[in-house]
Amino acid sequence: MYECYNRKLLRIDLTARKYAQEEIPPELIENWIGGMGFGIHQLTNEVDPLSDALSSENKLIFSTGPISGTGAPLFAQTCLVTKSPLTGGVTNNYCGGELAAHIKNSGYDFLVFEGKADRLVYVVISDGTVKFVDCPELAGKTVTETEEYIKSKEGKELSTAAIGLAGENLVRFASVISATRVFGRNGAGAVMGSKNLKAFAVGGDCGVRIHNPVAFQETVDEIFGVLQKLNEAPFSLLGSFSQFGTGAGMPMINANYTLATRNHKLCHFEDADKIDGAAYLSLDNVKTRKVACLGCPIHCGQLHYFEGGRFKGMFTRGPEYETMYSLGSNCMNNDPEVLAKAHQLCEDYGMDTLSTGVTVAFGMECAEKGLLNPKDDGVDLKFGNNDSILQAIEHIAKRQGFGDILAEGTKRASDILGADSEQFAMNV
Ligand code: SF4
């Protein structure tokens, strides 16, 4: 297994704008197998648990597993470990797509970002070197704009991970996005923003060493075949993911009365079938394309293009199931177009759709009880007013008015708003 690793960690010091390559001893890889194991081991050894997650003391560790980048199905994920500014604990996030393969191909297994740049920068890792690029022109840009800009400057063959305005504004549930996949949870995007790191791009042509390539490929082919058969089997969960995306699970969850609805007060949503995975495929004005992580035959991702309707011309990379409940049923939103728009706003600003939806629903209940006054900012935030979800997302990402409170997440917002709000502030 040790052979599959490049056995190298790249340490990037944003404060000094320096980098160093470190050899990884075999016992570390043996004892802490995989992206999560290694990432958590490094973080807990290198970062003081009492440090402020948004200070320069925190680190961002992007780690790959032993067979990342080989094309083996279901092993495309990169793991991102950091101290969460939302929970204060260690968070490990996973992003599919092709980032892990590009990290491996760059000649490293793990990337550690530490310190804090004095200005907004992006970092390019390729050909054994690291370049730090000042990028004031990218301030406030969406993730997609940032990705396109960096690829146009540095090379289309590179893979990127970037933050949007929410990360720059230290929204505590900001995400990090790589192409169509997201490190969504627990505010890793805010940690990146706190370091003035807008994005990084990585790539190379090192490849991944395999001990016995023929036997490995035979095994990969066998697993691929099994997954394909499961995909095609009637009533298969994988098959439904393949057809409808992760939103395929929503009818089952709703039927079992476990669908978070109206800020988790209810567990069943009458209009769930208007916003689930099948609902998007039935919309006349939407064209859908399926997308997969490297080597995966399930292709649970869905890209939607709205060729008509209220948001004509909109292109979205979801929504996934988590978004359907958080910004859908949990906010009593039964409009698939508004839901898709809400999802896309979160992607543009780089915010976790799950925490955003739960926080907006909390804000709706606070407004209902007179604890929060979004009307002062011109927003009638309430369950059933679907457009107010879009306005709330804008206010949170920009930290405007009531959005500045909600950008702190439900726990801290509840501490600010007081009264009995902690009773209905969903958090861990
Ligand atoms: S396409 Fe879906 S099922 Fe396949 S690896 Fe990516 S996230 Fe997992």
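Residues numbered from 1 in each chain as written. Predicted model: local features only at pLDDT ≥ 70, side-chain atom pairs only at ≥ 80, totals over all residues. Heavy atoms only, no water.

**Digging into the overall build of the protein**
In step 1: When helices and strands are tallied, the protein shows 16 helices and 15 strands.
In step 2: Relative to the globule expectation of 22 Å for 428 residues, the C-alpha radius of gyration of the protein, 21 Å, shows essentially globular dimensions.
In step 3: With the C-alpha coordinates of the protein rotated into their principal frame, the extents come out at 60 × 55 × 40 Å.
In step 4: Scored against the burial criterion, the 428 residues of the protein give a buried share of 57%.
In step 5: A separation of at least 24 residues holds for 67% of the contacts in the protein among residues at least 6 apart in sequence. (Helix = DSSP H or I, 4+ residues; strand = E, 2+ residues; numbered from the N terminus. Rg over C-alpha atoms; globule rule 2.2 N^0.38 Å. Buried < 20%, exposed > 50% of the residue type's maximum accessible area, 1.4 Å probe, protein only. Contact = heavy atoms within 4.5 Å.)

**Brief notes about the layout of surface pockets**
Empty pockets left among the atoms are what a rolling probe the size of a water molecule brings to light.
In step 1: For the largest pocket, the calculated volume is near 730 Å³.
In step 2: Lining of the largest pocket is provided by 37 residues; of these, Tyr94, Arg181, Val182, Glu320 and Glu322 occupy positions nearest its centre.
In step 3: Contributing elements (two or more residues each) for the lining of the largest pocket: β5 (90–95), β11 (181–183), α8 (237–244), α11 (321–328), α12 (336–349) and α13 (353–368).
In step 4: Residue composition of the lining of the largest pocket, grouped by class: 19 nonpolar, 11 polar and 7 charged. (1 Å grid on protein atoms, 1.4 Å probe; cavity = no way out; pocket = protein on both sides within 12 Å on 5 of 7 lines; lining within 4 Å. Points joined across faces, edges and corners; volume = space filled by probe spheres on them. Nonpolar A, V, L, I, M, F, W, Y, C, P; charged D, E, K, R; others polar.)

**Some remarks on the sheet that holds β5**
The pairing of strands in a sheet happens through backbone hydrogen bonds and is either parallel or antiparallel.
In step 1: Reading across the sheet, the 6 strands line up as β2-β1-β6-β3-β4-β5 and stay open at both edges, with mixed pairing between neighbours. Bordering the open sheet on either side are β2 (18–23) and β5, each of which pairs with just one other strand. The sheet shows a mean angle of 20° between the axes of neighbouring strands, direction not considered.
In step 2: Across 5 bridges, strand β1 (residues 8–13) lies against strand β6 (residues 110–114) in parallel orientation. Paired with Leu10 across the strands is Leu111, a residue of β6. (Pairing = 2+ DSSP bridges. Axes fitted to C-alpha atoms, helices over the stretch in contact; angles between N-to-C directions.)

**Points about the pairing of β5**
In step 1: The side-chain alternation of β5 yields one buried face, formed by Thr91, Asn93 and Cys95, and one unburied face, formed by Val90, Asn92 and Tyr94.
In step 2: The pairing of strand β4 (residues 78–83) with β5 spans 6 bridges and is antiparallel. Along β5, the bridge assignment pairs Leu80 with Asn93.
In step 3: Taken together, β4 and the strand that follows it, β5, pair antiparallel across an intervening segment of 6 residues, in which Gly88 is found at a positive phi of about 85°.

**Observations concerning the pattern of salt bridges**
In step 1: Evaluation of the coordinates by the stated rule reveals 28 salt bridges.
In step 2: Note that Asp134 and Arg119 form a salt bridge whose closest N and O atoms lie 3.2 Å from each other. One end of the pair, Asp134, is in strand β8 (residues 129–134); the other, Arg119, is in the loop between β6 and β7 (121–126), with 15 residues separating them in the sequence.
In step 3: Asp134 gets classed as partly exposed once you look at its relative accessible area, which sits at 32%.
In step 4: Ionic pairing is found between Arg399 and Asp404, a salt bridge with its closest N-O pair at 2.8 Å.
In step 5: Under the relative-accessibility criterion, Asp404 is labelled partly exposed at 35%.
In step 6: Beyond isolated ion pairs, a larger network of salt bridges with shared partners links Arg11, Glu22, Glu46, Lys59 and Glu114. (Salt bridge = Lys/Arg side-chain N within 4 Å of Asp/Glu carboxyl O.)

**With respect to the site of the ligand**
In step 1: Looking at the ligand, the residues that line it are Leu74, Arg181, Ala292, Cys293, Cys296, His299 and Cys300.
In step 2: More than half of the atoms of the ligand fall within 2 Å of the grid points belonging to the largest pocket.
In step 3: In terms of residue class, the shell around the ligand is built from 5 nonpolar, 1 polar and 1 charged. (Near = heavy atom within 4 Å. Sits in = over half its atoms within 2 Å of the grid points.)

**Quick look at the domain arrangement of the protein**
In step 1: Once the domains are mapped, the protein shows domain 1 (2–202) and domain 2 (237–424).
In step 2: The centre of domain 1, based on its C-alpha atoms, is set 26 Å off from the matching centre of domain 2.
In step 3: On the side of domain 2, 32 residues touch domain 1, which itself brings 34 residues to the contact.
In step 4: Counting every contact that joins domain 1 to domain 2 gives 3 salt bridges.
In step 5: Across the pair Arg181 and Glu320 runs a salt bridge whose closest N-O atoms are separated by 3.9 Å.
In step 6: The interface formed by domain 1 and domain 2 includes 17 residue pairs in polar contact (both at pLDDT 80 or more).
In step 7: Secondary-structure elements contributing two or more residues to the side of domain 1 that touches domain 2 are α4 (143–154), α5 (165–168) and β11.
In step 8: Taken together, the residues of the side of domain 1 that touches domain 2 break down into 17 nonpolar, 13 polar and 4 charged. (Domains from an automatic or database assignment. Polar contact = N/O pair within 3.5 Å; in protein donor to acceptor, adjacent residues only side chain to side chain.)

**A short note on α11**
In step 1: Counting buried positions along α11 yields 7 of 8 residues, so the element is predominantly enclosed.
In step 2: Within the span of α11, buried status applies to Tyr321, Thr323, Met324, Tyr325, Ser326, Leu327 and Gly328.
In step 3: Buried-residue contacts for α11 involve α9 (250–255), α10 (277–281), α12, α13 and α14 (386–398).

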